[in-house]
Amino acid sequence: MSVVVEAVKPTKSELKRFVQFGISHYKGNGCYVPPLVSDEIETLMPDKNPAFDYCRAQAFMAYRDGKPVGRIVAIINDLVNKRTGVNEGRFGFVDFIDDPEVVDALFGAAEQWVKDNGMDEMVGPMGFTDMDHEGMLVEGFDEMGTMATIYNYAYYPEQMERMGYAKDVDWVEYRVTVPKEVPEKFVRISEIVKKKYGLRSIKFTSRRKIKEQYGQALFELINEAYDKLYGYSPLNQRQIDYYIGKYLNIIRLDCLSVIVDSNDQLVALGLSMPSMSEALRKSGGRMLPFGWYHLLHGIYGKNDVVDLLLIAVKKEYLSRGVNALVFADLIPIFNKEGFKEAESNIELEGNDSVRQQWDYFPHRQHRRRRAYRKKL
């Protein structure tokens with residue numbers, strides 16, 4: 001029977017089916033880490049996700065004999081297109097069985113939708129913003145994923161190339177050994193930086209206080225630090241308010257490094273979190289009935305791995321050793337908590353200033369992922 005592709009309505013029931021296919025598709029795969037189902041559904045709902053202030057999107061599902069065999073979301077980020085001058089559509093949240101007929105029908109529907117909306121290129125996998133997962137896995141299929149990245153089967157890149165999609169950019173990821181002590185060079189540089197610029201690290205024991213004092217500044221700093229990165233979509237005020245409430249309520253405060261100047265103005269931040277990979281796998285991406293237990297244990301229980309989610313530094317302090325101050329702050333905490341390894345998560349392959357910092361630690365590059373582009 002031929003493949004049928006249907007547009008997905010942005011209702012909770014239809015989006016739940018859409019998200020669940022992405023989880024069921026990897027049943028039995030020991031490296032796949034599911035998303036939190038409720039978060040994924042909310043991301044795709046226009047009345048919930050503030051990114052729809054400047055994004056348009058349409059989800060599609062492919063069926064054969066009434067059985068789901070693929071899914072995709074076509075996205076147009078009008079803000080990014082205005083900034084870059086490129087009429088591009090994005091595809092994301094994509095999964096499919098290894099069947100050219102399915103893949104062609106699925107991408108055909110997404111490509112036609114973006115063309116009908118005036119776009120002449122397609123790029124992805126990308127989400128609405130950088131807060132969503134991006135980059136198709138092209139190396140490291142036997143490595144456990146993270147909560148912040150996409151996992152996909154090895155046949156995905158083959159199908160992309162068959163359809164005429166070509167590499168646009170690559171990201172790499174590293175598995176880093178946490179040293180028993182802060183590297184001597186980092187200690188020396190951090191002391192110099194603190195004295196020269198009057199910087200210091202501050203810690204919080206209250207989420208309310210960090211939200212009130214630095215919540216807005218944290219996301220403004222992310223906007224500033226990441227502004228020129230590939231495909232970056234600046235967060236508007238509604239998004240900042242949304243993410244302050246969403247993420248600052250669950251972070252481990254001791255795993256957050258906040259660096260301020262003598263006037264208590266935010267200069268840099270390092271956000272890390274115990275790996276949630278095993279917890280999400282055990283929960284199946286669901287809070288109920290017992291998923292909440294696994295997720296809480298993942299955050300506060302014993303864990304050998306810490307995820308380095310982001311480091312952001314104000315532009316005027318770039319290349320001045322502030323990163324060393326962040327690591328000098330976090331490494332003793334990592335050791336206290338028993339973290340033995342860290343996941344770098346994604347960084348652009350050409351970002352030498354970030355890549356070179358791992359030279360001070362035992363590390364291995366264990367995953368690579370790619371954004372593909374195609375003229376329509």
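Since the structure is predicted, the reported quantities are computational estimates derived from the model, not experimental observations.

Caption draft 1: Summary view of the overall build of the protein. In terms of regular secondary structure, the protein is built from 12 helices and 14 strands. For 376 residues, the compact-globule estimate of 2.2 N^0.38 gives 21 Å, and the C-alpha radius of gyration of the protein, at 21 Å, lies within 12% of that figure. In terms of overall dimensions, the protein has a C-alpha envelope of 70 × 45 × 35 Å along the principal axes. Within the protein, the proportion of its 376 residues that are buried is 55%. Entry remark: accessible area of the protein is about 16900 Å², with carbon and sulfur atoms responsible for 52%. Within the protein, the 53 negative side-chain charges are centred at a point lying 4 Å from the centre of the 51 positive side-chain charges.

Caption draft 2: Highlighting the nonpolar core. By size, the foremost hydrophobic cluster in this structure holds 54 residues, and its most contacted members are Phe18, Phe96 and Phe107. Of all the secondary structure elements, the ones that give two or more residues to this core are α1 (12–24), α2 (37–43), β2 (55–64), β3 (67–77), β4 (88–96), α4 (100–116), β6 (136–139) and α5 (155–162). No other element matches α4, which puts 8 residues into this core. In this structure, Val182, Leu199, Ile259 and Ala342 belong to the second largest nonpolar core, which totals 29 residues.

Caption draft 3: Molecular detail of empty space enclosed by the protein. Using the criterion set out here, one finds 2 cavities of 30 Å³ or more in the structure. Lining the largest cavity are Val176, Thr177, Val178, Pro179, Leu308, Phe327, Ile331, Phe334, Ala342, Trp358 and Phe361. The set of elements that each furnish at least two residues to the lining of the largest cavity consists of β7 (166–177) and α11 (322–336). By residue class, the composition of the lining of the largest cavity is 10 nonpolar, 1 polar and no charged. Lining the second largest cavity we find Gly270, Leu271, Ser272, Leu308, Leu309, Leu310, Ile311, Phe327 and Leu330.

Caption draft 4: Spatial organisation of helix α6 (residues 184–197). Between its first and last C-alpha, α6 extends 20 Å over 14 residues, near the 20 Å set by a 1.5 Å rise per residue. Within α6, the full set of buried residues consists of Phe186, Ser190 and Val193. Buried positions in α6, seen along its axis, are confined to an arc of 65 degrees and lie on one side of it. Among the exposed residues of α6, those pointing more than 90 degrees away from its buried face are Glu184, Lys195 and Lys196. Buried residues along α6 sit against α11. Two residues or fewer past α6, Gly198 is found with a positive phi of approximately 65 degrees.

So, how was this worked out
Residues numbered from 1 in each chain as written. Predicted model: local features only at pLDDT ≥ 70, side-chain atom pairs only at ≥ 80, totals over all residues. Heavy atoms only, no water. Helix = DSSP H or I, 4+ residues; strand = E, 2+ residues; numbered from the N terminus. Rg over C-alpha atoms; globule rule 2.2 N^0.38 Å. Buried < 20%, exposed > 50% of the residue type's maximum accessible area, 1.4 Å probe, protein only. Areas by Shrake-Rupley, 256 points an atom, 1.4 Å probe, with all protein chains shown as cover. Lys, Arg positive; Asp, Glu negative; His and termini not counted. Charge placed at Lys NZ, Arg CZ, Asp CG, Glu CD. Core = buried A, V, L, I, M, F, W, Y, C linked by side-chain atoms within 4.5 Å. 1 Å grid on protein atoms, 1.4 Å probe; cavity = no way out; pocket = protein on both sides within 12 Å on 5 of 7 lines; lining within 4 Å. Points joined across faces, edges and corners; volume = space filled by probe spheres on them. Nonpolar A, V, L, I, M, F, W, Y, C, P; charged D, E, K, R; others polar. Expected span 1.5 Å × (residues − 1). Arc of directions from axis to C-beta. Contact = heavy atoms within 4.5 Å.

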